[in-house]
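Here is how the chains run, residue by residue.
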Amino acid sequence: MSAKKLNSPLPALTRRSLLGAAAALSLPALAQFRVEISGVGATQLPIALPDFRDEARSGQPVAAIIRADLERSGQFRIIDAPAGLSENSNPAWSEWRGKQADALAAGSAAKLADGRVDIRYKLWDVVKGQDLGGEAHAVAPDDVRLAAHRIADTIYQKLTGERGVFATRMAYVTKAGGRYSLRIADADGEGGQVALGSPEPIISPAWSPDGKELAYVSFETRKAVVWVQDLSTGRRRSIADFRGSNSAPAWSPDGQTLALTLSREGGSQLFLMNRNGSGLRRLTQSSAIDTEPAFAPDGKTIYFVSDRGGSPQVYRMPVSGGTPERVTFSGNYNISPAISPDGRSMAYVTRNGGGVFRVCVMDLASGNVQQISDTSEDESPSFAPNGRLLVYATRAGGRDVLMTSTLDGRIKAKLISTLADVREPTWGPFGR
Amino acid sequence: MKTYKLALSALAAAALVGCSSTKLDEPAPVETRPVAPTTTASNANTAPTSESKVATVDLAAQAAAAVSDKRVVYFDFDSYVVKSDYQNIIEAHAKRMNVDTKVALRLEGHTDERGGSEYNLALGQKRSEAVAKALSLVGVAAARVEPVSFGKERPVAEGHDEAAWAKNRRVELKDK
């Protein structure tokens, strides 16, 4: 799939492709998630993004997908804009400045003769009255959502200077009717494809750094076993099926090593193993519970949870071995560490008095902690690969739901599945 | 006719009391007695009873029956201590495994729903290992017992209160 820079007018639609377009007219696919975005961000760029011309022909609500992506980032405020523009328009700047928009994007969708969908757009800086460029994406109908997310990424990057995460993927587990499904979905939760369906629980999915494999824990043999599955082929291998429980897989940043929690020597202790299953060696040596390993992005330190001090706290130690150092000091129950891609922040879950579990973000240099959520049953925080957003699981309205949040907790998007309870989210890497 | 029969039965009953035989000039008593099964009965519904039958005492089956209602040990919150209340369960299983050397157990540890999945998996593992330890202390070889954990993933009670949580904090002793 490639994006072409727009420098020529749209080719005239032939009669054949018009017929094809008419025959293929379809309603946007029913979204699986209901999204509730709340909060006000510190600095938000107001952008107008009207529905793309003829976007119904693409089979997806392209502009709505892009608007939702930008809004969930917390860095944009959407300005109401009636449809009617496309990438070929000449915007009237006074009109858009009057609406308080700083940026404007408009586009169109068309069905090509070969069945692909052609999505084009252009982005303008309203303040300067400047054309910031545009793109054309010619994609298979199944990839229209991905094209929309890629457009959102480009707009995001052009206006913030940072890399967008809207075209990345997320893995999560759904439970419905006694059946568990490990799903790979877009970063907005939609388009989930089932990687594994099972009558027994699946927990702790973990992306390989290259995004090609997923490690996870499956109870299909009536005990916890760690599997690694190739996402495009579905081929999988069990890399840890030792006596007792095998769980909590974590990949090293270079993808060559996995850290795991094994009870093969009694209790729950951390082990390291090469990605092909060889080279098993024990990392922690305690009679306590040591679990939930997470590599720092430099690959030299492992963060983990230990109750060696009497209750679960986060510690860190060198991957090469050594004395663990305690990291969390407030509260008597701190678990599920996740380290930001720049290594400077740690997200984790703390239990407050009264049994309330909340996601916190700690600045590792200063040790300052901020509780960023206001729900009470938070689990498994995971960073987006640009380090700007977190996803975690929580409970709302009696349902297990997903939540994305800015690191300061200001902008949150609740993703409520219409089909199932959703748990164990983990954000995938850049690239597909 | 009915009255005649009744009178006869009354007479017969009166005559039987204290007597083992009847006088010749009195009508023969009419009695009803269930037909006793004889050794030559050819009735398909009645099996012949051998005089030499010996009852087998199947210790393994008895020991298995003795543990049939002793398959779960419960735990206090945040605890993996096997309380003394459950020592009888431990001993019943040890007895059975002594009698039936083919038996191997999988101990499945569970927690209530509160807290993270992985930490609860480890806590459930501690519970199943505590039960394994208790079994080893009464003579069960460690190799015959595999402690595993489901953490909080497989509750038996779906509620969100202490009544449900208490039912979920458990180790189930299952035959492998």
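The next point concerns the overall build of chain A. A tally of helices and strands in chain A yields 4 helices and 31 strands. Taken against the 2.2 N^0.38 rule, which gives 22 Å for 432 residues, the C-alpha radius of gyration of chain A at 23 Å falls within 12% of a compact globule. Taken along its principal axes, the extent of the C-alpha atoms in chain A is 70 × 45 × 40 Å.

A few words on the overall build of chain B. Assigned secondary structure in chain B consists of 5 helices and 4 strands. Mapped from its N terminus to its C terminus, chain B presents α and β elements in the order α-α-β-α-β-α-β-α-β. Nonlocal contacts in chain B, meaning residues at least 24 apart in sequence, comprise 69% of its contacts between residues at least 6 apart.

The next subject is the confidence of the model for chain A. Any segment with low pLDDT has predicted coordinates that should not be analysed in fine detail. Here chain A averages 91 in pLDDT, while 93% of its residues score no lower than 70. Overall, residues 7-30 of chain A carries pLDDT values under 50, and its contacts beyond four positions in sequence, including any with other chains, amount to 21 contacts.

Right, let's get into helix α4 (residues 117-137) of chain B. Helix length check: α4 of chain B, at 21 residues, gives a terminal C-alpha distance of 30 Å against a target of 30 Å (1.5 Å per residue), a fit within 8%. In the segment just after α4 of chain B, Gly139 of chain B is the residue with positive phi, at about 100°.

This next bit is on the interface of chain A and chain B. Listed per partner, the contact involves 25 residues of chain A and 18 residues of chain B. Within the residue set of the side of chain A that touches chain B, elements represented by two or more residues are β11 (202-207), β15 (246-251), β19 (290-295) and β23 (334-339) of chain A. Looking at the side of chain A that touches chain B residue by residue, the class counts come to 10 nonpolar, 11 polar and 4 charged.

We now examine the environment of Val67 of chain B. Residues and elements named next belong to chain B. Looking at the secondary structure, you find Val67 in helix α2 (residues 59-67). Remark: the alpha-carbon pair of Val67 and Val54, spanning 13 residues in sequence, is separated by 26 Å. Residues in contact with Val67, not counting those within four places in the same chain, are Ala92, His93 and Arg96.

Another point: the domain arrangement of chain A. Residue and element names in this part refer to chain A. With domains assigned, chain A is organised as domain 1 (3-160) and domain 2 (170-427). Put simply, the middle of domain 1 and the middle of domain 2, counted by C-alpha atoms, are 35 Å apart. Counting residues at the interface gives 19 residues for domain 1 and 21 residues for domain 2. Elements with a minimum of two residues in the side of domain 1 that touches domain 2: β2 (33-38), α2 (62-72) and α4 (144-160). For the side of domain 1 that touches domain 2, the leading source of residues is β2, giving 6 residues. Considering only residue class, the side of domain 1 that touches domain 2 consists of 7 nonpolar, 7 polar and 5 charged.

All names here are of chain A. Here we have 4 strands laid out as an open sheet, ordered β10-β9-β8-β31, and antiparallel in their pairing. Two strands lie at the open edges of the sheet, namely β10 (193-198) and β31 (421-427), each paired on one side alone. Here the average twist between neighbouring strands, direction ignored, is 20°. As judged from the 5 bridges shared by strand β9 (residues 179-186) and β10, these two strands associate in the antiparallel manner. Bridge pairing in β10 links Arg183 to Val194.

Residue and element names in this part refer to chain A. Across the 6 residues of β11, 6 count as buried, placing the element largely inside the fold. Of the strand pairs in this sheet, β11 and strand β12 (residues 213-218) are connected by 4 bridges, and their pairing is antiparallel. Note on β12: the bridge partner recorded for Trp207 is Leu214. Here β11 hands over to β12 after 5 residues, with Gly211 in that stretch at a positive phi of 75°.

So, about the packing of α2 of chain A against α4 of chain A. Residue and element names in this part refer to chain A. Relative orientation of the contacting elements α2 and α4 amounts to 45°, with a least axis distance of 9 Å. One way to sum up the angle between α2 and α4 is to call them oblique. You can see that α2 and α4 cross each other, and the crossing is right-handed. Across the interface between the two elements, Val62, Ile65, Ile66, Asp69 and Leu70 from α2 touch Val144, Arg145, Ala148, His149, Ile151, Ala152, Ile155 and Tyr156 from α4.

Procedures and definitions
Numbers given to residues run from 1 along each chain, matching the order in which its sequence is written. Here the convention is simple: chains get letters from A, ligands get numbers from 1, in the order in which they are written. The predicted nature of this model means local features are confined to residues of pLDDT at least 70 and side-chain atom pairs, given and counted, to a pLDDT of 80 or more, with totals for whole chains, interfaces and linings taken over all residues. Labels follow the DSSP assignment, with helices taken as runs of H or I lasting at least four residues and strands as runs of E lasting at least two, numbered in each case from the N terminus. In this treatment the radius of gyration is a C-alpha quantity, and the globule benchmark scales as 2.2 Å times the residue count to the 0.38 power. By definition, residues are in contact whenever their C-beta atoms, placed on the basis of the backbone, come within 7 Å of each other. Note on scores: pLDDT gives the predictor's confidence for each residue, bounded by 0 and 100. To estimate how far a helix should reach, multiply one less than its number of residues by 1.5 Å. In the scheme used here, Gly and all other residues not listed as nonpolar or charged are polar, with Ala, Val, Leu, Ile, Met, Phe, Trp, Tyr, Cys and Pro taken as nonpolar and Asp, Glu, Lys and Arg as charged. Segmentation of the chain into domains, including their bounds, is taken from an automatic or database domain assignment. Strands qualify as paired when DSSP identifies two bridges or more between them. For helices, the fitted line uses only the C-alpha atoms of the stretch in contact; every axis is such a line through C-alpha atoms, and the angle between N-to-C directions lies from 0 to 180 degrees. The burial criterion counts other C-beta atoms lying within 10 Å of a residue's C-beta, which is placed from the backbone; the residue is buried at 20 or more, exposed at 12 or fewer, and partly exposed between these limits. Roughly parallel means an angle under 35 degrees; roughly antiparallel, over 145; roughly perpendicular, 65 to 115; everything else is oblique. Crossings are sorted by hand: turned counterclockwise from the far helix by less than a right angle, the near helix makes the crossing left-handed, and turned clockwise it makes it right-handed.

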